[in-house]
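Per-entry structural report
As a plain string of letters, each chain reads:
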Amino acid sequence: MTDAQKTAADMTLRAPGDSPPDSRPAPVPLLEPREGIPPVTATDEALAEIVTAFAAGTGPVAVDAERASGYRYGQRAYLVQLRREGAGSALIDPVGCPDLSALGEAIGDAEWVLHAATQDLPCLRDIGMVPSRLFDTELAGRLAGFARVGLGAMVENVLGFALEKGHSAVDWSTRPLPEPWLRYAALDVELLVDLRDALEEELEQQGKLEWARQEFAAIAAAPPPPPRKDPWRRTSGMHKVRRRRQMAVVRELWTARDQVAQRRDVSPGKVLGDAAIVEAALNLPPNSHALAALPGFGHRMGRRQLEQWQAAVDRARALAENELPQPGQPLNGPPPPRSWADKDPVAAARLSAARAAVTALAEELNLPQENLITPDTVRRLCWEPPAEPSQESVAEVLKGHGARPWQIEQVTPILTEALLTDAG
């Protein structure tokens, strides 16, 4: 960190939630790239130079990735940004360099610094970049109790610099990438290691650094999530669809749309909106003329497209009763909490006591409840508690649900008390 950055950090790093001493603070300086905007690396030769430079660098590596969510199919990376002491910054085009495994190996022993790591790790994994250890500045901010944990807010509140805004949701698959976008991307990793250092110090002062380390280790060690079962059930507006035949229409239209989107490499929402799928399901149009009259299938849609969507509706209409989807996914775990009072009033009372205890402790520790212990873990414990609740048995259940040691240490006493109180 430069002297200027240290001064800014000293002036701006406050206990989360504190008000600034002056109600009219000085304007926050706009962050400028220290070495200018690096050229985009898009060839194997240029990539080899980057690999050599970053392997020779020292200390943590700031890593970020840009996707084209809402524009392209899937969540692949369209730009990767890195920065490391001794190597400077790098912008890499994964379209021109689709295999970054050599780079991943070159920095594999270093700590990677990411902001909201779980968002970027899947697309980085797809191009051969997998960290062995990491530091997540967003998660660190949550554990430290900061109310606003976006990268821009964190850099401003902790380091006293403003990041440029306005390009986070652009189409990063655009080629060539405009210079203002590249500038924005390069600045995302400019102070990421500086932010990491300041947050580490803050967490140390709050006695939460070991908690953060356990969280980071869990993220780095987590396997890729399995494919989602019945993803069509997550169609927006699905709650309106109640009959099984209508659900079949959603499933057929969703599947047809996904195939078209994948073939054209565009976001499914640009092919056909969720609202249109739900309208077709609710109305069960008998032909493409009736389909064209529904919202989302207007006059701008060509005859061939209408016939394509109507064919999906017709497939659903023709299904035998035993081929229709069931109304809801099989539950893996407890039922929705709203039904507990009717199904098991004692469990509902346990859950109420446990939630109140977790809320109070999270406020005392100045961190979000979901970071103290996941709501799903609390529900599972309260729905199926140990036969004889004790701190040992409760801790064992929490461990089985993936709670980290620090979480188990903090919440076991209060959750055990909640279970015992309501058992009596």
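Anything mentioned here points back to the structure above.
These remarks concern the structure in this document. (Residues numbered from 1 in each chain as written. Predicted model: local features only at pLDDT ≥ 70, side-chain atom pairs only at ≥ 80, totals over all residues. Heavy atoms only, no water.)

1. Quick look at the overall build of the chain
A tally of regular secondary structure across the chain gives 20 helices and six strands. For the chain, the spread of C-alpha atoms along the three principal axes comes to 70 × 65 × 45 Å. Put simply, of all contacts in the chain between residues at least 6 apart along the chain, 68% involve residues at least 24 apart. Of the charged side chains in the chain, 46 are positive and 58 negative, and the gap between their average positions amounts to 11 Å. (Helix = DSSP H or I, 4+ residues; strand = E, 2+ residues; numbered from the N terminus. Contact = heavy atoms within 4.5 Å. Lys, Arg positive; Asp, Glu negative; His and termini not counted. Charge placed at Lys NZ, Arg CZ, Asp CG, Glu CD.)

2. Some thoughts on the pairing of strand β2 (residues 58-67)
When you tally the buried positions in β2, you get seven out of ten residues, the bulk of the element. As paired strands, β2 and strand β3 (residues 77-85) are joined by eight bridges and run antiparallel to one another. Bridging from a neighbouring strand, E66 pairs with L79 of β3. As defined by bridge partners, β2 adjoins strand β5 (residues 112-114) across two bridges and the pair is classed as parallel. If you follow V61 over to β5, its bridge partner there is W112. (Buried < 20%, exposed > 50% of the residue type's maximum accessible area, 1.4 Å probe, protein only. Pairing = 2+ DSSP bridges.)

3. So, unusual backbone geometry
Backbone torsion omega between R175 and P176 reads -5°, so that peptide bond is classified as cis. Counting through the fold element by element, P176 comes out in the loop between α6 (151-159) and α7 (179-188). With phi around 60°, A116 is a residue other than glycine that occupies positive phi space. Its location among the elements puts A116 in the loop between β5 and α4 (117-126). Its relative accessible area of 5% is what places A116 among the buried residues. The backbone of D265 shows a phi angle near 55°, a positive value even though the residue is not glycine. Positionally, D265 belongs in the loop between α10 (244-264) and α11 (268-271).

4. Things to note about the sheet that holds strand β6 (residues 134-136)
One open sheet holds the six strands; their spatial order is β1-β4-β3-β2-β5-β6, and the pairing between them is mixed. Unpaired on one side and paired on the other, β1 (40-41) and β6 mark the two borders of the sheet. Each of β1, β2, β3 and β4 (88-92) touches helix α2 (residues 44-56); the most contacted strand, β4, lies at about 145° to it. Set on the sheet, α4 makes contact with β2, β3, β5 and β6; between it and β2 the angle comes to about 80°. (Axes fitted to C-alpha atoms, helices over the stretch in contact; angles between N-to-C directions.)

5. Re helix α19 (residues 391-400)
All of the buried residues along α19 are S393, V394, A395 and L398. Phi turns positive, to about 95°, at G402, one or two residues after α19.

6. Overview of the environment of G74
The residue G74 is located in the loop between β2 and β3 in this model. Here G74 falls in the partly exposed class, since its relative accessible area comes to 35%.

7. Quick word on the pattern of salt bridges
On inspection of all chains with the given rule, the structure shows 20 salt bridges. When the shortest N-O distance is used, the salt bridge between D194 and R34 registers 3.8 Å. Of the two residues, D194 sits in helix α8 (residues 192-206) while R34 sits in the loop between α1 (3-12) and β1, which places them 160 residues apart along the sequence. Taking the relative accessible area as the measure of exposure, R34 reaches 36% and is therefore partly exposed. (Salt bridge = Lys/Arg side-chain N within 4 Å of Asp/Glu carboxyl O.)

8. A few points about the environment of A140
Considering the arrangement of structural elements, one finds A140 in helix α5 (residues 137-144). Relative accessible area serves as the criterion here: at 0%, A140 is assigned to the buried category. As for A140 and G86, which are separated by 54 residues in sequence, their C-alpha atoms are 25 Å apart. In this structure, A140 is in contact with F135, L199, L203 and F216, ignoring residues within four places of it in sequence.

9. Concerning the pairing of β4
Where burial is concerned, most of β4 is hidden: five out of the five residues are buried. When β1 meets β4, the two strands line up parallel, connected through two bridges. The residue bridging V40 from the neighbouring strand is L91, located in β4. Here β3 runs beside β4; their pairing, made up of five bridges, is antiparallel. Across the sheet, residue Q81 finds its bridge partner in β4, namely L91. Hairpin geometry of β3 and β4 is characterised by an intervening segment of two residues between the two adjacent antiparallel strands and by a positive phi of about 90° at G86.

10. Considerations on the packing of aromatic side chains
Enumeration according to the criterion identifies five aromatic pairs in this entry. Judged by centre distance (4.7 Å) and plane angle (50°), the rings of F135 and F216 are tilted. With F135 in strand β6 and F216 in helix α9 (residues 209-221), this residue pair connects regions lying 81 residues apart in the sequence. According to the relative accessible area criterion, F135 is buried, its value standing at 3%. You can call F216 buried: its relative accessible area is 4%. Judged by centre distance (4.5 Å) and plane angle (10°), the rings of W211 and W406 are stacked. Placement of W211 in helix α9 and of W406 in helix α20 (residues 405-423) is noted, with a sequence separation of 195 residues between them. An aromatic cluster is present here, built from W172, W181 and Y184 joined pairwise through their rings. When the ring centre of Y78 is taken as origin, the NZ or CZ atom of R76, which lies over that ring, is 4.8 Å away. (Phe/Tyr/Trp six-rings, centres within 6.5 Å; stacked < 30°, edge-to-face > 60°. Lys NZ or Arg CZ within 6 Å of the ring centre and 35° of its normal.)

The quantities given are spatial measurements derived from coordinates; they are silent on function.
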